[in-house]
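What follows is the residue order along each chain.
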Amino acid sequence: MNDETPATAWGAGDFDAAAYAERIGYRGPLRPDLATFRALQCHHVANVPFENLSVILGRGPSAALDDVTRKIVGSTRGGYCFEMNVLLAAALERIGIPVRRRLMRTGDPLVNPRPRSHLVVLAELDGRTWLGDAGYGSGPGEPVPVDRAGEYRQGAWTYRVTEPAADGDRRLQELREGEWQTMYTLIPDATYPVDVAVANESTSTSPTSPFTQRPIVVKRGPEVERRLVGRKLSEIGPDGVRSEREIADERYAAVLAEVFGIELTEEEVKTVVAGIPDEPVEA
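Residues numbered from 1 in each chain as written. Predicted model: local features only at pLDDT ≥ 70, side-chain atom pairs only at ≥ 80, totals over all residues. Heavy atoms only, no water.

Caption draft 1: Examining the environment of Tyr184 more closely. Examined against the element boundaries, Tyr184 turns out to sit in strand β9 (residues 179–186). Sequence separation of Tyr184 and Arg105 is 79 residues, and the distance between their C-alpha atoms is 5.5 Å. Among the polar contacts made by the side chain of Tyr184, one reaches the side chain of Asp133 at a distance of 2.8 Å. (Helix = DSSP H or I, 4+ residues; strand = E, 2+ residues; numbered from the N terminus. Polar contact = N/O pair within 3.5 Å; in protein donor to acceptor, adjacent residues only side chain to side chain.)

Spelled out as structure tokens, the structure:
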């Protein structure tokens, strides 16, 4: 199974999979199998934070593989779906797993139509179609089989793939506070580098995009998700919010470093904080 465009069109030909594995903290074998796919996504989600700080800093971000590699593999920074899954796809291709990159539609278009703005990775392994996603933030820590309906438990989190809806497409959903919530709709349409570039441009510049309005940083573990939105730091489980507090400006850099492993310069932190809409902050 090959993508509609060769790996070279995505810039994956010279990608350093070993350096990527080192960045995400994975030191096992790099084999073209499901176990390695699962290990790479698991380590990526655990060790590279989902974040939109480049957008808040006014620096793009670029979804080109070379740029993403310099930013994430070469530093402590994270990224959002276009960056994270560009990396994951390149790593999988370099170790011999053919992939398809797909732009999905967040939410359910039969309820509230949204543009195709979330990049994921699909691969055929062990007779199933597996969805890899290291860039949703509040999403699976391991690949999920999406070729038929099913329910899947990952740590404290539960996901399911639905039967096709009226539009013919399946949904990936998560069980939150006792209710199934649609994360995104699984659209089979071909995706090309130009599609990702356009989607990334819109997501990082549109005033209606949630990523242009305030900082968003997320790390999801097996039992709890830590999320910084604006100045609000939350710990969240499948049953709802467990704790929540406001972060004072002078503590912002420390929280980014201590909770999410992100190190910014003093000037960068000032810029990020200055871009947060006015909110009540504890002393």
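Caption draft 2: The arrangement of the sheet that holds strand β5 (residues 144–145) in detail. Taken in spatial order, the 8 strands of this open sheet run β5-β4-β3-β2-β9-β8-β7-β6, and their pairing is antiparallel. Each of the sheet's edge strands pairs with one partner strand only, and the pair in question is β5 and β6 (150–154). Sitting on the sheet, helix α2 (residues 34–47) touches β3 (116–125) and β4 (128–132), and the angle it makes with β4 is about 15 degrees. (Pairing = 2+ DSSP bridges. Contact = heavy atoms within 4.5 Å. Axes fitted to C-alpha atoms, helices over the stretch in contact; angles between N-to-C directions.)

Caption draft 3: Just the pattern of salt bridges, in detail. On inspection of all chains with the given rule, the structure shows 25 salt bridges. One salt bridge connects Asp239 with Arg242, and the closest N-O pair in it is separated by 4.0 Å. Owing to a relative accessible area of 56%, Asp239 belongs among the exposed residues under this scheme. Overall, the relative accessible area of 47% leaves Arg242 in the partly exposed class. Linked by salt bridges that have partners in common, Glu174, Arg176, Arg220, Glu225 and Arg227 make up one network. (Salt bridge = Lys/Arg side-chain N within 4 Å of Asp/Glu carboxyl O. Buried < 20%, exposed > 50% of the residue type's maximum accessible area, 1.4 Å probe, protein only.)

Caption draft 4: Region of the structure containing a nonpolar patch on the surface. Together, Tyr192, Val194 and Val198 give the surface a local cluster of nonpolar side chains, amounting to about 280 Å² of exposed area. Its place among the elements puts Val194 in helix α6 (residues 193–205). When its relative accessible area of 53% is taken as the criterion, Val194 is described as exposed. (Patch = residues over 30% accessible without salt bridge, like charges linked within 9 Å, V, L, I, M, F, W, Y side chains within 5 Å. Areas by Shrake-Rupley, 256 points an atom, 1.4 Å probe, with all protein chains shown as cover.)

Caption draft 5: How the structure looks around α6. Here α6 is 13 residues long and its end C-alpha atoms lie 18 Å apart, about the 18 Å a rise of 1.5 Å per residue gives. Looking at the buried residues of α6, the elements they touch are α3 (53–56), α5 (81–94), β2 (100–106) and β3. (Expected span 1.5 Å × (residues − 1).)

Caption draft 6: Main features of the packing of α2 against α5. Look at α2 against α5: their axes get within 11 Å of each other, and the N-to-C directions meet at 150 degrees. Judged on the interaxial angle alone, α5 and α2 are roughly antiparallel. Where α2 crosses over α5, the handedness of that crossing is right-handed. Residues Phe37, Leu40, Gln41 and His44 of α2 form the contact with α5, whose own contacting residues are Met84, Leu87, Leu88 and Leu92. Considering only residue class, the contact of α2 with α5 consists of 6 nonpolar, 2 polar and no charged. (Parallel < 35°, antiparallel > 145°, perpendicular 65-115°, else oblique. Left-handed = near helix turned anticlockwise from the far one by under 90°. Nonpolar A, V, L, I, M, F, W, Y, C, P; charged D, E, K, R; others polar.)

Caption draft 7: Molecular detail of the packing of helix α4 (residues 65–73) against α5. At their nearest, the axes of α4 and α5 sit 10 Å apart, and the two run at 100 degrees to each other. In terms of orientation, α4 lies roughly perpendicular with respect to α5. In this structure, α4 contributes Leu65, Val68, Thr69, Lys71, Ile72 and Val73 to the contact, and α5 contributes Glu83, Met84, Val86, Leu87 and Ala90. In terms of residue class, the contact of α4 with α5 is made up of 8 nonpolar, 1 polar and 2 charged.

Caption draft 8: Structural context of the pairing of strand β8 (residues 170–176). Burial of β8 is extensive: 6 of the 7 residues sit out of reach of the surface. Bridge analysis of β8 against β9 gives 7 bridges, and the strand direction is antiparallel. The residue of β9 that forms the bridge with Glu174 is Gln181. The hairpin turn running from β8 into β9, its antiparallel successor, is 2 residues long, and Glu177 in that turn takes a positive phi close to 50 degrees.

Caption draft 9: Broad picture of the nonpolar core. Counting 47 residues, the largest nonpolar core has Tyr20, Phe37, Leu40, Phe82, Leu87, Leu92 and Ile97 as its most contacted members. No other element matches α5, which puts 10 residues into this core. In this structure Phe37 touches Leu88, Leu92, Ile97, Ala123, Leu125, Trp130, Leu131, Gly132 and Pro143, once residues within four positions along its chain are discounted. Core analysis: the next-biggest nonpolar cluster, separate from the first, contains 17 residues, Ile56, Leu233, Ile262 and Leu264 among them. (Core = buried A, V, L, I, M, F, W, Y, C linked by side-chain atoms within 4.5 Å.)

Caption draft 10: Region of interest: the sheet that holds strand β12 (residues 232–237). Taking strand neighbours across the sheet as the criterion, the 5 strands line up as β1-β10-β11-β12-β13 in an open arrangement whose pairing is antiparallel. Sheet topology places β1 (50–51) and β13 (240–246) at the edges, where each strand pairs with a single neighbour.

Caption draft 11: Examining the environment of Arg226 more closely. Relative to the helices and strands, Arg226 resides in strand β11 (residues 225–229). When its relative accessible area of 32% is taken as the criterion, Arg226 is described as partly exposed. Sequence separation between Arg226 and Gly240 is 14 residues, and the spatial gap between their C-alpha atoms is 12 Å. At 3.2 Å, the side chain of Arg226 and the side chain of Glu235 are in polar contact.

Caption draft 12: Seen up close, the packing of aromatic side chains. For the structure shown, the criterion picks out 5 aromatic pairs. Where Tyr80 meets Phe82, the ring centres are 5.4 Å apart and the plane angle is 80 degrees; that geometry is what we call edge-to-face. Centre to centre, the rings of Tyr80 and Phe211 are 5.4 Å apart; their planes meet at 80 degrees, and the pair counts as edge-to-face. Separated by 131 residues along the polypeptide, Tyr80 in the loop between α4 and α5 and Phe211 in the loop between α6 and β10 (216–220) bring together distant segments of the chain. Of the two residues, Tyr80 and Phe211, both sit in the buried class. An aromatic cluster is built from Phe50, Tyr80, Phe82 and Phe211, whose rings are joined through pairwise contacts. Cation over ring: Arg220 sits above Trp157, and NZ or CZ is 3.6 Å from the ring centre. (Phe/Tyr/Trp six-rings, centres within 6.5 Å; stacked < 30°, edge-to-face > 60°. Lys NZ or Arg CZ within 6 Å of the ring centre and 35° of its normal.)

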